[in-house]
Amino acid sequence: EDVTIIYLIPEGSMVSPGDTLCLLKAPEVENQYLQAVNELESAQAEYNKSAADLTLQYLVLESQVRNIEATTEISRLDSVQMEFTSPSSRKIIELELQKAELEKDITLKKLNFLKQINESELQKMKLKIKQCENRLDQAESKLNKLAVTSTVEGCVIYEKLWTSGIKVREGDITWGNMPLVKIPDLESMQVKLVVSEADYKRLAKEQTMEIRVDAFPEIKLSGKVKSKAPVGRPVKEKSTVKVFDVTASLDSASLSFKPGLGVTCQVLVQSIPDTVVVPMVSIFDEDSIKVVFVAEKMKFFRREVSVANYNNKEAIVKMGLSGTETVALMKPPESLIN
């Protein structure tokens, strides 16, 4: 069934328990609720009508019993005068008394049967009403879920549609168990990193990092790598370039920060003391060796180097440089190379 978002609280809003986050419209759910209301009203009306009809039948039979009793009493009074009447008249009176007793007995049995029928029929109708009430409760529960309210205090963040990667917005069609908004715990915030495949391979759990919030560059925070996505995802639709999601803890945070802020992270991959570091752009491949061009006076000298480790900006030179040299950041003209 189609469920449409007709209202979303603005992203970044601070909410308290009970505040409305989202309103949904589901015509099928609304129709189910109205149908359940009509069915309950119909069942209750049917019960009331049947109860009234059965009560009327019971009263009619009771009236018949009283009439029979009255007739019997009259016949008994007539029987007092039987000694002064003919034998045939006495016989008629006796037969009328027997007939009255028989009719009374039959009517009392009808009353008893009618009472049993009443209880059975009304019990069925009560059961039907209970079923209608249950269906109404279920429909009302679904209807109430169309208004999503907050259960905690915090800041509202929109979720992204897994089909498009775009954050939810008013007018979107939703489905069961689809996340719409989230309210993160501001006291235990995390950092979500999107890293390239090359950097992903160099990251490991529990590596420390320095975190700077782009909106507050003067504040320096710290954290650690906590988890790495097992597989990458395309950087954009149909792209062969993949990126990986990495989650890091935030050891110190300020309540003035809101989720969704951009950050810049520097991860300490490895600590190597007393080493020589040069920019990656100063290292050149020649045949099967790596060289740098060391400046001395007005000339440059080739110097073979051995690289221990590197990233996309810098490289650690373990052999070939002492650390006091000046190296070229671009390959010099051949005329200046000695």
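Everything here concerns the structure above.
Please read all numbers here as calculations on a predicted model, not as lab measurements. (Residues numbered from 1 in each chain as written. Predicted model: local features only at pLDDT ≥ 70, side-chain atom pairs only at ≥ 80, totals over all residues. Heavy atoms only, no water.)

**Here's the deal with the layout of surface pockets**
- Quantified by volume, the second largest pocket comes out at close to 490 Å³.
- What lines the second largest pocket is a set of 17 residues, among which Leu24, Lys145, Trp175, Gly176 and Asn177 lie closest to the centre.
- Per-class residue counts for the lining of the second largest pocket are eleven nonpolar, three polar and three charged. (1 Å grid on protein atoms, 1.4 Å probe; cavity = no way out; pocket = protein on both sides within 12 Å on 5 of 7 lines; lining within 4 Å. Points joined across faces, edges and corners; volume = space filled by probe spheres on them. Nonpolar A, V, L, I, M, F, W, Y, C, P; charged D, E, K, R; others polar.)

**Regarding the sheet that holds strand β19 (residues 314–319)**
- Overall, antiparallel pairing links the five strands, which are arranged β15-β19-β18-β17-β16 in an open sheet. Of all the strands in the sheet, just β15 (276–279) and β16 (284–286) have a single pairing partner and so form its edges. With direction set aside, neighbouring strand axes in the sheet form an average angle of 55 degrees.
- Examined bridge by bridge, β16 and strand β17 (residues 289–296) share three bridges and lie antiparallel to one another. In the strand pairing of β17, Glu286 is matched with Ile289. (Pairing = 2+ DSSP bridges. Helix = DSSP H or I, 4+ residues; strand = E, 2+ residues; numbered from the N terminus. Axes fitted to C-alpha atoms, helices over the stretch in contact; angles between N-to-C directions.)

**Overview of the pairing of strand β10 (residues 208–213)**
- Every second residue of β10 is oriented toward a common face, the buried set being Met209, Ile211 and Val213 and the non-buried set Thr208, Glu210 and Arg212.
- In this sheet, strand β11 (residues 216–228) lies alongside β10 in antiparallel orientation, the contact comprising six bridges. From the neighbouring strand, Val213 faces β11, where its bridge partner is Phe216.
- Between β10 and β11, which follow one another and run antiparallel, lie two residues.
- As judged from the five bridges shared by β10 and strand β14 (residues 263–267), these two strands associate in the antiparallel manner. Pairing of Met209 across the sheet is with Val267, part of β14. (Buried < 20%, exposed > 50% of the residue type's maximum accessible area, 1.4 Å probe, protein only.)

**Regarding the nonpolar core**
- Counting residues in hydrophobic clusters, the biggest one holds 18 residues, and the most contacted among them are Val168 and Leu180.
- Elements with a minimum of two residues in this core: β1 (3–8) and β3 (20–25).
- In this structure, Leu180 is in contact with Ile5, Cys22, Leu24, Ile157, Tyr158, Glu159, Val168 and Thr174, ignoring residues within four places of it in sequence.
- The next biggest cluster of nonpolar side chains, apart from the first, holds 15 residues, and it includes Met189, Val195, Ala248 and Leu250. (Core = buried A, V, L, I, M, F, W, Y, C linked by side-chain atoms within 4.5 Å. Contact = heavy atoms within 4.5 Å.)

**Digging into the pattern of salt bridges**
- Applying the stated criterion across every chain yields a total of 14 salt bridges.
- For Arg212, the salt bridge is made with Glu210, and the minimal N-O distance between the two is 3.3 Å.
- On the accessibility criterion, Arg212 (32% relative accessible area) is partly exposed.
- One continuous salt-bridge network, built from bridges that share partners, spans Glu286, Arg302, Lys331 and Glu334. (Salt bridge = Lys/Arg side-chain N within 4 Å of Asp/Glu carboxyl O.)

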